[in-house]
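Descriptive structure summary
The primary structure of each chain is shown beneath.
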Amino acid sequence: MVGRPTRGYRVFQVCNTIILTLVVVATLYPLVNIVARSFSGEGYINAGQVNLIPRGFNIKTYKAVLHDSTFWTDYGNTVLYTVVGTAISLVLTTCYAYVLSKRNLRGRTFLVGVAVFTMFFSGGLIPNYLLISGLGMRNTIWSLVLPNAISVFNLLVMKSFFEGMPTELEEAAAIDGLSTYGTLLRIVLPLSKAVIATMTLFYAVSFWNSWFGAFLYLDRPNLFPVTLYLRNLIAGASGTGSVGFTGSDAAQAAANIQSVTIVLTTIPILAVYPFVQRYFVSGVMIGAVKG
Amino acid sequence: MSSTKTADLLPDARSPGGGGTSPVPARRRSWRQSLRRDWQLYTLAVVPLVFFAVFRYLPMIGNVIAFRQFEPGGSVFGDHWVGLEYIRMFLNDPTFWDVFTNTLVLGLLTLVVCFPMPIILALLLNELRNRYAKRIVQSVSYLPHFLSVVIVAGIVMEFLAADGSVNSALHAVGHAPILFLQQPGWFRSVYVSSELWQTVGWGTILYLAALTSIDQDLYEAARIDGANRWQQTWHVTLPGIRPTMITLLILNIGTFMSIGFEKIMLLYNPLTYSTADVVSTYLYRMGVVSNNFSYAAAIGLFESLIGLVLIVSANKISRRTLGTSLW
């Protein structure tokens, strides 16, 4: 900006910096606090003395949780559900978005409407619950991945992206005798790596983070995703006893098993976050590019 | 900006068979010709359409159980008609009206707090000169958006526990510990603050994008006219992001009724039902826990219809008064 900053503006800049610093601190404080608790001794935790730095450094609970076979089973389940769910979602979303991006296609308006209407009106919890149960999908992976196979928001993001592609390439491909499938696979998709990466991340994060479907439809603990493991822990449905503690270790676990599990569940997200953040932002941007 | 967006997002009112008055373009193909030419494209739409039919539209039809008696083990669509019995039942259910009120209060509080804050944060970020600092604030504030609601609930519980950070701060100033999650009086504050913590940063993205698209010449012109910083913000910046604000406001209003279901499920308990229990959690307990499926479906249908009415009317009001709308 040109022009000499006035005194009032300089004061504003200082206040602004302070406010934004506070936003950063407020965002990070609870996260750092959880990490500190997870490494702290039970005496300090119970006395409410753990803030940003671990006190009475202790990794007994980490060892115990990492030796708990249920934890690993559930972690494996989360990975499985995420991979299968994301794969199905990507295929379906890509196919439908490609169809919707063809402006001259007859019936396109209807096909768009079918998807968009579901953004504003949904069947609701009970009919969905009865349907999934009625289809015999309880206690299967399908109850988690199929009902969420297409997110309309993601669909519209992808549709916008396809619409922005030059039509000449596809016309040339058609003249060269490539079928629609061939054009999609060999011409369009190789040029859509950015949007596919974004969609993969959007879907993967939503499958990784979901818990309620599992809570509704899965009864067998060996099928639970790790989010449900954590949920049962914080809801007190399964105590520290299930992890096999004895004596003083039990007291330690009671004090911070929740923090430890929260940290262990969050690590994968935090590990990839710095590298993929820009894809998320670009995804939101593509979705709003028309707006 | 949103008018163009929505023209694209939403079906055209003059869809085939909808209008009939517009002259058919000369090059318009018949259905038979379209099918022959584009059949491969249509085949790509088949599986997604099956998905929408089974997992989105069938449940909508499944709402007929709100008007039918449902027997466990019987048809998913119920066994015989009972008319408006279940509707009458919940309209006369005092608990329903309690949770309905809770939903409105919580929804309104969330809207009042969580809608404007990202705008303010985006404006502040926009004034930050140091690009590097701006990137850091953005990256950090987006982070909570990617955490599972279970993790957020876990963090809230740890943070507000008797031995948690908040209570140790209270202890330091000589205050007795507060059991935040066991007191109905605290639930709304806890819910809204955790919601703000998780959504405020991510909510700035669209505003920041809108801010960069404002024509810099407008600021130049405003300065020449003698506008100070504050006046520039008020007369140039805010009008520039108004369409984004309205679009997001309408979308927020549309999700008003289904507010925070999963997080409330994780954070509430019978001690806090008097403020925390909302329509969606109540119908969950009625339906899935107590197996009163028809009764719960009637409430759910009511909830969905209100959501639809809210978004349609918000859109209509916005189009009439502000000239911006989703469709």
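A few points on the structure.

**Quick look at the overall build of chain B**
- A tally of regular secondary structure across chain B gives 16 helices and two strands.
- A globule of 327 residues ought to have a C-alpha radius of gyration of about 20 Å, yet chain B, at 25 Å, is considerably larger.
- Projected onto the principal axes, the alpha-carbon positions of chain B cover approximately 65 × 60 × 35 Å.
- Across the 327 residues of chain B, 48% fall into the buried class.
- Here chain B displays about 16,100 Å² of accessible surface, and carbon together with sulfur accounts for 63% of that area.
- Computed over 24 positive and 19 negative side-chain charges, the inter-centroid distance for chain B is 13 Å.

**Brief notes about the layout of surface pockets**
- Quantified by volume, the second largest pocket comes out at close to 1,200 Å³.
- Surrounding the second largest pocket, 35 residues form its lining, Asn126, Glu127, Leu128, Lys134 and Leu208 of chain B being those nearest its centre.
- Sorting the residues of the lining of the second largest pocket by element identifies helix 1 (7–38) and helix 14 (247–288) of chain A together with helix 5 (116–127), helix 6 (131–142), helix 10 (204–212), helix 11 (216–224) and helix 12 (229–254) of chain B as the ones contributing at least two each.
- Split by residue class, the lining of the second largest pocket holds 19 nonpolar, nine polar and seven charged.

**Here's the deal with the pattern of salt bridges**
- Summed over the entire model, instances satisfying the criterion amount to 12 salt bridges over all chains.
- With its nearest N and O atoms 3.1 Å apart, the salt bridge here joins Glu158 of chain B to Arg37 of chain A. Residue Glu158 of chain B is found in helix 7 (residues 149–160), and its partner Arg37 of chain A is found in helix 1; the two belong to separate chains. We note that Glu158 of chain B, like Arg37 of chain A, is buried.
- Glu163 of chain A is paired through a salt bridge with Arg108 of chain A; the nearest N and O atoms lie 2.9 Å apart. Separated by 55 residues along the polypeptide, Glu163 of chain A in helix 8 (residues 152–163) and Arg108 of chain A in helix 5 (residues 108–120) bring together distant segments of the chain. Accessibility classification places Glu163 of chain A together with Arg108 of chain A in one group, the buried group.
- One continuous salt-bridge network, built from bridges that share partners, spans Arg103, Arg108, Lys159 and Glu163 of chain A.

**Things to note about the packing of aromatic side chains**
- Taken as a whole and assessed by the stated rule, the structure comprises 40 aromatic pairs over all chains.
- Between Phe96 of chain B and Trp97 of chain B, the ring centres sit 5.0 Å apart and the planes meet at 75°, which makes this aromatic pair edge-to-face.
- Taking relative accessible area as the criterion, Trp97 of chain B reaches 35% and is therefore assigned partly exposed.
- Aromatic pair Phe96 of chain B and Phe302 of chain B: ring centres 5.7 Å apart, planes at 70°, arrangement edge-to-face. A residue pair is termed long-range when its members are at least 10 positions apart, and Phe96 of chain B in helix 4 (residues 94–114) and Phe302 of chain B in helix 16 (residues 293–322) qualify at 206 residues.
- The exposure class assigned to Phe96 of chain B is buried, which follows from its relative accessible area of 0%.
- The class of Phe302 of chain B is partly exposed, set by a relative accessible area of 25%.
- An aromatic cluster is defined as three or more aromatic residues linked by ring pairs; in this entry it consists of Phe71, Trp72, Tyr75, Trp208 and Tyr229 of chain A.
- The cationic tip of Arg68 of chain B hangs over the ring face of Trp81 of chain B; the distance from NZ or CZ to the ring centre is 4.6 Å.

**Overview of the packing of helix 4 (residues 69–100) of chain A against helix 2 (residues 31–62) of chain B**
- Where helix 4 of chain A meets helix 2 of chain B, the closest approach of the two axes is 8 Å, and the angle between their N-to-C directions is 125°. As summarised for this structure, helix 4 of chain A and helix 2 of chain B are arranged oblique, according to the angle between their axes. The way helix 4 of chain A lies across helix 2 of chain B gives a crossing that is left-handed. Residues Leu92, Cys95, Tyr96, Tyr98 and Val99 of chain A of helix 4 of chain A touch helix 2 of chain B, and the partners they reach there are Leu41, Leu44, Ala45, Val47, Pro48, Leu49 and Phe52 of chain B.
- Considered class by class, the residues forming the contact of helix 4 of chain A with helix 2 of chain B number 12 nonpolar, no polar and no charged.

Each value, and the rule that gives it
Residues numbered from 1 in each chain as written. Chains lettered and ligands numbered in written order. Predicted model: local features only at pLDDT ≥ 70, side-chain atom pairs only at ≥ 80, totals over all residues. Heavy atoms only, no water. Helix = DSSP H or I, 4+ residues; strand = E, 2+ residues; numbered from the N terminus. Rg over C-alpha atoms; globule rule 2.2 N^0.38 Å. Buried < 20%, exposed > 50% of the residue type's maximum accessible area, 1.4 Å probe, protein only. Areas by Shrake-Rupley, 256 points an atom, 1.4 Å probe, with all protein chains shown as cover. Lys, Arg positive; Asp, Glu negative; His and termini not counted. Charge placed at Lys NZ, Arg CZ, Asp CG, Glu CD. 1 Å grid on protein atoms, 1.4 Å probe; cavity = no way out; pocket = protein on both sides within 12 Å on 5 of 7 lines; lining within 4 Å. Points joined across faces, edges and corners; volume = space filled by probe spheres on them. Nonpolar A, V, L, I, M, F, W, Y, C, P; charged D, E, K, R; others polar. Salt bridge = Lys/Arg side-chain N within 4 Å of Asp/Glu carboxyl O. Phe/Tyr/Trp six-rings, centres within 6.5 Å; stacked < 30°, edge-to-face > 60°. Lys NZ or Arg CZ within 6 Å of the ring centre and 35° of its normal. Axes fitted to C-alpha atoms, helices over the stretch in contact; angles between N-to-C directions. Parallel < 35°, antiparallel > 145°, perpendicular 65-115°, else oblique. Left-handed = near helix turned anticlockwise from the far one by under 90°. Contact = heavy atoms within 4.5 Å.

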